[in-house]
Amino acid sequence: MNKLTNDIWVLGDTRSLSLLNSSLNVLEGARELAALRSEVKSRTVFVLMKGAACEQEDESVQLKDAMEKAVSHGADKILVLTFASKQADILTGTYSRMLANVVQKKQPLVCLFPLNAMMREIAARTAFLCHSGLIADCLRFKYENGEIIAVCPSHGGEIMAELGFSDRSKTGFITVQPNAFKRKEIQKKNQTDTFSPKSQSIPQALDLEKLHLDEVEFYEEIKFPEDCETLFYEEARLISRRRKTFSPQSLETANKVVAGGAGLGNVDGFRGLRKLAAALGAQIGATRPPVLWHWTDEESLIGQTGKSIRPELLITVGTSGAVQYTAGITEAKKIVAINKDPGAPIFQFADIGIVEDAAIFIPLFTDKVQKIAMRSLADSIEKRSGQGSENSIGGYDESEGGIAAHNSADFGSKLMQMRTAHQLSQDDLAHRTGRTPEFIEELENNRTTPSVGFMIQLAEVFGVDSGTFLNEDERSALSGNRAKEYTRRTANYYYQTLTPGAENEHLRVFMVTIESNKKHKPVAYRHEGEEFVYVMEGILELTLEGKPHKLMAGESMKFNSQTPHQLKSLGSKDTRCLVTLYTP
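Residues numbered from 1 in each chain as written. Predicted model: local features only at pLDDT ≥ 70, side-chain atom pairs only at ≥ 80, totals over all residues. Heavy atoms only, no water.

Draft legend 1. Representation of helix H3 (residues 63-72) in the model. Of the residues making up H3, those classed as buried are Ala-66, Met-67, Ala-70, Val-71 and Ser-72. Against helix H1 (17-36), strand E2 (44-50), strand E3 (77-83) and strand E11 (219-224) lie the buried residues of H3. Phi turns positive, to about 105°, at Gly-74, one or two residues after H3. (Buried < 20%, exposed > 50% of the residue type's maximum accessible area, 1.4 Å probe, protein only. Helix = DSSP H or I, 4+ residues; strand = E, 2+ residues; numbered from the N terminus. Contact = heavy atoms within 4.5 Å.)

Given below as structure tokens:
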């Protein structure tokens, strides 16, 4: 067997720019490892594998661009492995055999792989084919007594293990957490035009059987013939393939992320965190324990074996700060950590730290955020509406059936954000508020403005008291003038609260006046809780799930508020009702 060289190989992933950048991060790790081996001259070799599967990716980086980036980030050499196959797809087994063939011929000291699903599989397969050892999830390197040592998290990140290779006569294989290193662009002398189309320094491609030839200084390409049966054979057969699409709301691209860990205690604690994420319009993330305990799915996992995130704001709750998790949050701009243990390592990463039990803090914080979010939604209309009439709240003039005659600049986008954060479709929100999907679409496109009645229903859907829509001046004006507490909610009815100051209580009582021969809402609606209606004057038609009930003065009816219901005044006089509402 040939003696190992001092070359350190890094496998480049060109399926997307993001994956290539991860590979360049690992290249920086290779450069640091080479520097640790100062007694010998080690080269960093950036390896690119070219085939049909890589070529057809919509977001793939062109080979020339990938090579230029590798050199500008410190690679001493580029090695390209090409399989000239007519197959539509090449699976990881083929790439592994390509790599194993070349590794056994060239004998690099170690091969480093950026940690992702595809590269993890290629690393494992290639190590097996080369009868070599594989170290997983490396975060940094050490070099002691002529031996490469990979420092890796163990026992859930509570301790760091130092691992080496038992057989130092064989190439070692290591998967590396790409966020553990930061790529650095380095301009190397005399290599600025190495891969320019006009450059003459790029040699002709080398055939597989000519690997014994002297290596070219900067670049080498090895072509594997199409009829190479040992590479073409696959144990598995690809049936179909489809690129996963990331929505603007995906965890990797989210501007705001709320992440939870084992410190949340149970699935109910994590459920409360979802409410906070919805109120903030944030994506939900998790450490490994909540995923293992099925509080959330694998797609929410952040860290070494999960996703790397880069939000403007990260709120991390009940997370200890284990390395396996923090490796995935290093690019977050602002980190707020909440943990009841003042000595938790997560506080070392946080810009703001809150020492408190999540079970106590999160519900209070969520309630506050919900109110601010809903008030902001109302303010976005108010800014365009100006001062309303005496029948308006916060400038919400109902006299023409809407809050104002002008479209709101921000309301639609804010409503859409809150709806999607609560994982509601336009149809879902329409059903819960007793409106049509077309009406919700018009609101989100700022083609119409909502009524106060709709805003109050919206508050019920999002779990916020309707009093949120009153600012402090408005609250003071109303509380100081109880005799004028009538508020016009639609063109057809008025209501007066008989329990002022009970906005956050379970039980509230209203006096509702519906104009003669009018419905209080255009369509039936529903909400949480129970309701009791007592007719004081006039004749009331109460429709429950499409079935009408006629109530005369002095008669009453109790029903579940989740039942679609609608009130209508019958006869020539207005109908006055006492409505008692209980909400959980």
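Draft legend 2. Layout of the packing of helix H12 (residues 426-433) against helix H13 (residues 437-444). In the contact formed by H12 and H13, the axes pass within 8 Å of each other and the chain directions differ by 110°. Taken together, the axes of H12 and H13 are roughly perpendicular relative to one another. H12 and H13 meet at a crossing whose hand is right-handed. Contacts from Gln-426, Asp-427, Leu-429, Ala-430 and Thr-433 in H12 reach Pro-437, Ile-440, Glu-441 and Glu-444 in H13. A class-by-class count of the residues in the contact of H12 with H13 yields four nonpolar, two polar and three charged. (Axes fitted to C-alpha atoms, helices over the stretch in contact; angles between N-to-C directions. Parallel < 35°, antiparallel > 145°, perpendicular 65-115°, else oblique. Left-handed = near helix turned anticlockwise from the far one by under 90°. Nonpolar A, V, L, I, M, F, W, Y, C, P; charged D, E, K, R; others polar.)

Draft legend 3. Examining the environment of His-431 more closely. Locating His-431 in the fold gives a position in helix H12. Sequence separation between His-431 and Tyr-525 is 94 residues; the distance between their C-alpha atoms is 7.7 Å.

Draft legend 4. Just the state of the cysteines, in detail. Enumeration over the complete set of coordinates arrives at zero disulfides. Distance from the sulfur of Cys-111, which forms no disulfide, to the nearest cysteine sulfur (Cys-130) is 7.5 Å. On the basis of relative accessible area, Cys-111 is assigned to the buried category, the value being 0%. Just so you know, Cys-152 is unpaired, no disulfide at all, and the nearest cysteine sulfur is the one on Cys-138, 4.9 Å from it. (Disulfide = S-S within 2.5 Å.)

Draft legend 5. Local environment of the pattern of salt bridges. Under the defined criterion, the tally for this structure stands at 14 salt bridges. Its salt-bridge partner being Asp-7, residue Arg-43 comes within 3.0 Å of it at the nearest N-O pair. On the criterion of sequence distance, the pair formed by Arg-43 in the loop between H1 and E2 and Asp-7 in the segment before strand E1 (8-12) is long-range, its members being 36 residues apart. Taking the shortest distance from any N to any O, the salt bridge between Glu-28 and Lys-184 comes out at 4.0 Å. With a gap of 156 residues between them, Glu-28 in helix H1 and Lys-184 in the loop between strand E9 (172-176) and strand E10 (206-207) connect regions that are remote in the sequence. Residue Glu-28 is classed as buried on the basis of its relative accessible area, which comes to 5%. (Salt bridge = Lys/Arg side-chain N within 4 Å of Asp/Glu carboxyl O.)

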